[in-house]
Amino acid sequence: MTESRIKRLATTLMDATTDKDPLVQEQIYNALCHLGESEPEEILNSCDEYLRQHDKLAYPHRVIILKAMETVVKNNIALLDKSTAKVVIFLASNEMTKSKEVIRDWQQAASNVLVAVGQRFINKVMEEVLTKFQPGILPHYFVMQTFANLSVSNVFGMVPFLNSILGTMLPMLGMAKQDHMKSVFCYALQHFSESIQEYLANLDKAPDPTVRKDTFSNEIFSAYEVLFNSWLQHREAKLRLAVVEAMGPMSYLLPSEKLEEQLPKLIPGILALYKKHTEAFYISKSLCQILEASVNIGSRSLDVQLDSLLGTLHPQICAPADPAVPLTVKNHTEVLRCFTVLACSFPDRVLAFLLPKLESSNERTRVGTLLIMRQIINSAPSQMEIKKPFILSSMKLPLQDSNNKVKRAVVQVISAMAHHGYLEQPGGEAMMEFLVRQCALPSDAQPKKQPPDADDLTSDSVQSISVNTLFLLSTTVDRMNNVLWPYLLEFVTPVQFTNALTPLCKSLMSLAVKKQEEGENASLIRYDLNANLPSPYALTTRLLVVSSQPYVGDCRGAAALRLLNVLHYSVHPALEQLWSKQVPLLVEHIEENTEKSLSQKEWEEKLLLFLQETLAAVADNTWICHFVTEMCRQLNSYNGFPLEKNFLYKCIGTTLGACASKDLVQKQLQELLETARYHEEAEREGLASCFGICAINHLEETLAKLEDFVRSDVFKKSVGLFSIFKDRSDNEVEKIKSTLILCYGYVAVSAPKELVLSRIEADILKNIFQYFNTKVLGIKVETKDLTLKLCLIRSICMISQAIYNGAKCGDFVFSRKAELVAQMVEFIKAEPPEAMRTPVRQRAMITCTYLVVLEPHLSDPDRTELIDTCLAGVLALPPPEPAKEREENGGDASHKEVLYGDTLSALKDLLKSLLQRNLTPHGLQDMFAHLGPWIKSNKEHERQRAVEVSAALLEFYLSKLNVSTVIPFYNLGVLIALFSPRCSDSLASVRQDAVDCVYCLLYIQLCYEGFARDHRDEMVEGLKALKKGLEEPDFTVLFRTCNNIAMVIGKRVPPDQLMSLLLAMFEGLADPDKNCSRAATVMINSLLKERGAVLQEKVPDIMSIIHSKLEEVDEEHIRKAAQQTVYILASQHKSVVVSSLLGSPLPFDSHTCAMWRSLATEPTLASRILEQLLEKVNSDVPYKESKSFPLLGSAAERVATPSAPGRHMRFV
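What comes next concerns the included structure. (Residues numbered from 1 in each chain as written. Predicted model: local features only at pLDDT ≥ 70, side-chain atom pairs only at ≥ 80, totals over all residues. Heavy atoms only, no water.)

1. What about the overall build of the protein chain?
- Within the protein chain one finds 58 helices and four strands.
- Here the protein chain has a C-alpha radius of gyration of 50 Å; the compact-globule value for 1212 residues is 33 Å, and the former is much larger.
- The proportion of buried residues among the 1212 residues of the protein chain is 53%.
- Distance between charge centroids for the protein chain: 2 Å, based on 128 positive and 144 negative side chains. (Helix = DSSP H or I, 4+ residues; strand = E, 2+ residues; numbered from the N terminus. Rg over C-alpha atoms; globule rule 2.2 N^0.38 Å. Buried < 20%, exposed > 50% of the residue type's maximum accessible area, 1.4 Å probe, protein only. Lys, Arg positive; Asp, Glu negative; His and termini not counted. Charge placed at Lys NZ, Arg CZ, Asp CG, Glu CD.)

Structure, rendered in structure tokens:
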């Protein structure tokens, strides 16, 4: 039952093969294969039956079934019984030969089934197929192809049949007229020959070990004659290639004497084909087989052919292989095999042919020759052994070649040489130096676009190949250990090999570990045997300095430190314990960070601390003196590497600090001052930091040396020499002075405070200003040099920090403080107001930030001038360029943006520092007295900056506030009124910052009321949520948000601040930004709705202010809002409002009339006011009579009484 179900399912699937969709056909094939896994015989029988019953089924559909049968047979060959195999064989044989015409897909599928069955049932298959291979009758094309494929897939089963097949086949060769039949005979002969070779090579496993080459030689030679003499001359290229493919394997089986006899014709015949065929792979493969066969028989004919062979094969290698065309790559492989065969037999002549070509002017010739050299070094080692010196000497020219392709080929040759002992010979070191130089090639930052046929191999590629080669040689080629160690150390210190440091350090690390495993720890570096090696001091300096930029050059920092650690014993025996603990921690720090996340300052501090601990562990003054001398000697090596040189200066300062010899310290400091390159910023910084670090332990020597240098001949000669070239003189001398000024700053900030404070005013400042101010005819002239100015500013900043950080800071009165602040103010004023081109403003404000906290206090005028100058110097700068212009200007615009951001931060820090000195409501009020005009500026960029600064100040004030007693925040209302209308500013950033300002002010008020600083008020916190509503410039949303903000303010402002808040808010009605004046009206009205009920006594004042504002501001929205204000007040204090209006001067002006009209906007209120007016008319005496000039007999005049509602009328 199960079988019939499977059969039905298989039949259904095979019925569906007529579907034209390739995906459906693929699924049918997979389904049949899947069924065949469980019931192979059932499925194979079903397929057989189906194909026999459906004789007319088109061949594309038959192919699907046959392919499924092949897969089922292959996967289940061991399970098939003979009867099923016979069924399948018979079916496949018939399917293959049913059509006399070649229908490739169909017949190939059937042939493949036969080959699959032949894996186990070779006799059955041959029994069937031989019936279709009769003498004198040309067989079917696929009968021959099946024989050929069977001979390869089942060598031991098929070879016994080959003698018989060859005997039948040979006469047929002459009968074959069609090219495709000739091709299939060639295909068969090729595979028969390969099968026979494999059989003979494995006779020990073969079923008949008596089989010999002679068994087939004569038949193969007969076939060879037809192929070579007749078919090889055919005009059809495909047939010629088929012939060539067959002749290679056939040559192994030819009788030795026949092959020797044929070689003079055969080799030229094969070589001639290179000119006729662009695709050379099959020719080269066959030629290689013929050459191997010739060598195997000890042919003497090859000698004569050698020149033509070399001359033809060499250009094949020189033509570059295209990786996109696999056959060109394969052709290269076969041609190189040909050279291997020839080099093994004719080493002298092959080298005599190749080596002169290394001097060719043609790049491809040089590259091709080097590829062949690599091949024969690797594949003919015994023949090349005595040629090593000759080959090495011939590499001199290639080592100097600048072509990248040649360089890569040389690197590959060096790799081959390393494996075969060449580099241990004299001349081997030149090869290693070349390899290291390639590792040190600079990276191509932006490779140039090149045409497709150009030399497209970049120096990056050469470097990458060289790095990999060096690492492999040092880690996997054991014979190279003694060649590379310690020789590679010679490349660590020269600066030209800087780019190669990472691979060098990794290779040296690997080699050193191997040496240690061999028990050579103590004598790891034998200086007595290697005079050219860098000293321990040189190695330590170099590896430490390059570690300061740890991610440069493929993370060289970690590699350099690891190598340093492994060399600890050679550096100094006392360092093992310290370095084995500290170096892994330093390496870990590099690996935990990235180039972006690493703090350079923190990293350098770690390295300098490591150096300090190293010097302490060594504790040998002689060693330290040698070490610092070597450091100074290396300084000039880093002239092209400013960051590394800067760090080396710090290392020198640290080492000098540990040096006990005062004379050496002074000598080295003098040398540093004499040799420094003062025109380079990094050098000035480095030298100054060196003096600062040195001063920690040698303050007196450092200060003395600085003074001595200015008085010395060297300094005077510099000035005198430069004065010959007037422009250069000024510039160079200013740079020297700048550096000396900076040195004093670093000394002040670094030296022990208990020693340096007493020297600041007496020595340090005196000398600084002596360098800064130049005298012309006895009058001080301030320098125009920017560098000198910036160095002075930084130096004063460091001096201020030194005083501030001093242990006795509180006791130190800095008498020159006001003078220095005034100098900074002058610097800021001197900057152009229309642009920010230099960091002078920023640096001067940072300096003032440190100065203002020192004693004595600044006077009020000085403080005012400082604040106003800084605000004007930053806030009034023109707005930044639009984004489009910024993109066009590129780096310069980006630099300006960063500089402006830093300068604004410096301004904030300075104002915070000033505020810190008076952290009271009065101090806050004083600060905003300066900021107020900027906050209300009609220029958007000025407002934006001012409000941003204000938000930062208020946040700082709140964070520092520590209220011990509850005191009134008397100016809360004024400050809230300053910021709250800005919540509807035309700039979104101002709106956001203004909310933050109000938020901070309300929390400051809560602190003054006695709440803890971390107390959170739900109402005030609600302000943060309102910020989102301020992002879009929709007036409706803005004013609704402003109303909500006013409600929060109204609920949190103390009663005693309410009136000052409202008064200040009314001032906001005249704001130049109409949005803000509208917001002020919205907030006034919202506040009055919320809190107006308690303001009865203040109503007349408010009414008076409204009237005066209506007079001042002629804006429709102000007028309407004012009327609304009057209405709100009247709804809360009807009588007072009416009385106030009745008290207005006569006649009523238009503004008073407008205020009266506002009372009529709501019927209920209007009727109540009319009732009040009528009541007054009835209850009060409307007028009194006054007789004027009675003697003249004039009539009495009626004058309105003050309390009468109708006093505005005069009755006569």
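2. Some details on the side chain of D993
- Mapped onto the elements of the fold, D993 is located in helix 49 (residues 988-1008).
- Given the relative accessible area of 16%, D993 is considered buried.
- Sequence-distant contacts of D993, defined by excluding residues within four places in its chain, comprise V947, E948 and A951. (Contact = heavy atoms within 4.5 Å.)

3. Observations concerning the packing of helix 43 (residues 860-875) against helix 46 (residues 921-935)
- With their axes 11 Å apart at the nearest point, helix 43 and helix 46 run at an angle of 30° to one another. Relative to helix 46, helix 43 is oriented roughly parallel. In this structure, the crossing between helix 43 and helix 46 has a hand that is right-handed. Residues R863, T864, I867, D868, L871, A872 and L875 of helix 43 form the contact with helix 46, whose participating residues are D926, M927, H930, L931 and W934.
- Taken together, the residues that form the contact of helix 43 with helix 46 break down as seven nonpolar, two polar and three charged. (Axes fitted to C-alpha atoms, helices over the stretch in contact; angles between N-to-C directions. Parallel < 35°, antiparallel > 145°, perpendicular 65-115°, else oblique. Left-handed = near helix turned anticlockwise from the far one by under 90°. Nonpolar A, V, L, I, M, F, W, Y, C, P; charged D, E, K, R; others polar.)

4. Re the packing of aromatic side chains
- In the structure shown here, the tally under the stated rule is 15 aromatic pairs.
- Geometrically, the ring pair formed by F156 and Y199 is edge-to-face, given 5.5 Å between the ring centres and 80° between the ring planes. You can see F156 sitting in helix 9 (residues 155-175) and its partner Y199 sitting in helix 10 (residues 179-201), a full 43 residues away along the chain.
- The buried category is assigned to Y199, whose relative accessible area is 1%.
- Consider the rings of Y999 and Y1003, whose centres lie 5.0 Å apart with planes at 70°: the pair is edge-to-face. Within this pair, Y999 and its partner Y1003 are both found in helix 49, separated by four residues, close to a single helical turn. The same class applies to Y999 as to Y1003, namely buried.
- Among the aromatic residues, those joined into a cluster by ring pairs are F221, Y224 and F228.
- One residue, K330, lies across the ring of F281, its end atom 5.8 Å from the ring centre.
- Lying over the aromatic face of Y1003, R1016 brings its terminal NZ or CZ to 4.9 Å of the ring centre. (Phe/Tyr/Trp six-rings, centres within 6.5 Å; stacked < 30°, edge-to-face > 60°. Lys NZ or Arg CZ within 6 Å of the ring centre and 35° of its normal.)

5. Some words on the pattern of salt bridges
- Within this structure, the stated rule accounts for 39 salt bridges.
- A salt bridge links R337 to E292; its shortest N-O distance comes to 3.0 Å. One end of the pair, R337, is in helix 16 (residues 326-345); the other, E292, is in helix 14 (residues 281-296), with 45 residues separating them in the sequence.
- Put simply, E865 and K829 hold a salt bridge, and the shortest N to O gap is 2.3 Å. Taken together, the residues span a long stretch of sequence, with E865 in helix 43 and K829 in helix 41 (residues 817-830) at a distance of 36 residues.
- What you see here is one network of salt bridges that share partners, running through D55, R62, E95 and K98. (Salt bridge = Lys/Arg side-chain N within 4 Å of Asp/Glu carboxyl O.)

6. Some remarks on helix 55 (residues 1116-1132)
- Helix length check: helix 55, at 17 residues, gives a terminal C-alpha distance of 25 Å against a target of 24 Å (1.5 Å per residue), a fit within 8%.
- Within helix 55, burial applies to H1117, I1118, A1121, A1122, T1125, V1126, I1128, L1129 and A1130. (Expected span 1.5 Å × (residues − 1).)

7. Thoughts on helix 34 (residues 662-675)
- Compared with an ideal rise of 1.5 Å per residue, which puts 14 residues at 20 Å, helix 34 spans 20 Å between its outermost C-alpha atoms and is within 8% of the ideal.
- Taken as a whole, helix 34 has its buried residues at L664, V665, Q668, L669, Q670, L672 and L673.

8. Quick look at the environment of T168
- Its location among the elements puts T168 in helix 9.
- Given a relative accessible area of 16%, T168 falls into the buried group.
- Between the C-alpha atoms of T168 and P135, which are 33 residues apart in sequence, the distance is 5.5 Å.
- What T168 contacts, discounting residues up to four positions off in sequence, is F133, Q134 and P135.

What is shown is where atoms sit, not what they do.
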